[in-house]
Amino acid sequence: MEIKLTTSEIQAILQGCQYTLRLINSSQDYRNIESSEYFSTLNDVVLNDAFNILGEVLDAIDDVNNPTLQRYRVGLARNRSCVFD
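Residues numbered from 1 in each chain as written. Predicted model: local features only at pLDDT ≥ 70, side-chain atom pairs only at ≥ 80, totals over all residues. Heavy atoms only, no water.

1. Some details on the nonpolar core
Then, in step 1: Counting residues in hydrophobic clusters, the biggest one holds seven residues: Leu14, Leu21, Tyr30, Leu47, Leu54, Leu58 and Ile61.
Then, in step 2: Elements with a minimum of two residues in this core: helix 1 (7-25) and helix 3 (47-65).
Then, in step 3: Among the elements that take part in this core, helix 3 stands out by supplying four residues, more than any other. (Core = buried A, V, L, I, M, F, W, Y, C linked by side-chain atoms within 4.5 Å. Buried < 20%, exposed > 50% of the residue type's maximum accessible area, 1.4 Å probe, protein only. Helix = DSSP H or I, 4+ residues; strand = E, 2+ residues; numbered from the N terminus.)

And the structure:
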């Protein structure tokens with residue numbers, strides 16, 4: 001069975017996931033868990049990394065829907081990578 005979602009629905013779901021991750025990350029209980037010496041992930045990732053990755057996916061979806069915006073972001077990224085003396 002294939003689930004059919006519009007781009008807007010996909011974006012809304014991903015934004016909801018971001019909101020949920022932010023909510024969990026703001027919990028003192030979760031912060032205690034993450035700061036435990038026993039907390040470990042295979043790639044040393046934390047919940048905030050997942051939030052940021054979802055943000056990148058949302059940006060990429062925006063880029064597909066608006067190529068002009070994508071060119072602007074690429075220009076910004078290039079400017080950030082420049083080293084100024």
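After that view of the structure, there is still more to cover.
2. A short note on the side chain of Gln11
Then, in step 1: The residue Gln11 is located in helix 1 in this model.
Then, in step 2: Look past the residues within four positions of Gln11 in its chain and what remains in contact with it is Leu58, Ile61, Asp62 and Asn65. (Contact = heavy atoms within 4.5 Å.)

3. What about the packing of helix 1 against helix 3?
Helix-helix packing is described using two parameters, namely the angle between the two axes and the distance between the axes.
Then, in step 1: Where helix 1 meets helix 3, the closest approach of the two axes is 9 Å, and the angle between their N-to-C directions is 160 degrees. When the axes of helix 1 and helix 3 are compared, the pair comes out roughly antiparallel. Classified by chirality, the crossing of helix 3 by helix 1 is left-handed. Packed against helix 1, whose contacting residues are Thr7, Ile10, Gln11, Leu14, Gln15, Cys17, Gln18, Leu21, Arg22, Ile24 and Asn25, the element helix 3 presents Leu47, Asn48, Ala50, Phe51, Leu54, Gly55, Val57, Leu58, Ile61, Asp62 and Asn65 at the interface.
Then, in step 2: Considering only residue class, the contact of helix 1 with helix 3 consists of 12 nonpolar, eight polar and two charged. (Axes fitted to C-alpha atoms, helices over the stretch in contact; angles between N-to-C directions. Parallel < 35°, antiparallel > 145°, perpendicular 65-115°, else oblique. Left-handed = near helix turned anticlockwise from the far one by under 90°. Nonpolar A, V, L, I, M, F, W, Y, C, P; charged D, E, K, R; others polar.)

4. A word on the packing of aromatic side chains
Then, in step 1: Within this structure, the stated rule accounts for zero aromatic pairs.
Then, in step 2: Residue placement shows Arg22 over the ring face of Phe51; its charged tip is 3.8 Å from the ring centre. (Phe/Tyr/Trp six-rings, centres within 6.5 Å; stacked < 30°, edge-to-face > 60°. Lys NZ or Arg CZ within 6 Å of the ring centre and 35° of its normal.)

5. Here we look at the environment of Arg22
Then, in step 1: Along the polypeptide, Arg22 turns up in helix 1.
Then, in step 2: A C-alpha to C-alpha distance of 7.5 Å links Arg22 and Asn48, two positions 26 residues apart in sequence.
Then, in step 3: Excluding residues within four positions of it along the chain, Arg22 makes contact with Asn48 and Phe51.

6. Re helix 1
The α-helix advances 3.6 residues per turn, and as a result positions three or four apart in sequence lie on the same side.
Then, in step 1: Here helix 1 contains 19 residues, and its C-alpha end-to-end distance of 27 Å stays within 8% of the 27 Å for a straight helix at 1.5 Å per residue.
Then, in step 2: Where helix 1 is concerned, the buried positions are Gln11, Leu14, Gln18 and Leu21. In an axial view of helix 1, the angular spread of the buried residues amounts to 85 degrees, which keeps them on one side of the axis. Among the exposed residues of helix 1, those pointing more than 90 degrees away from its buried face are Ser8 and Tyr19.
Then, in step 3: In this structure, the buried residues of helix 1 make contact with helix 3. (Expected span 1.5 Å × (residues − 1). Arc of directions from axis to C-beta.)

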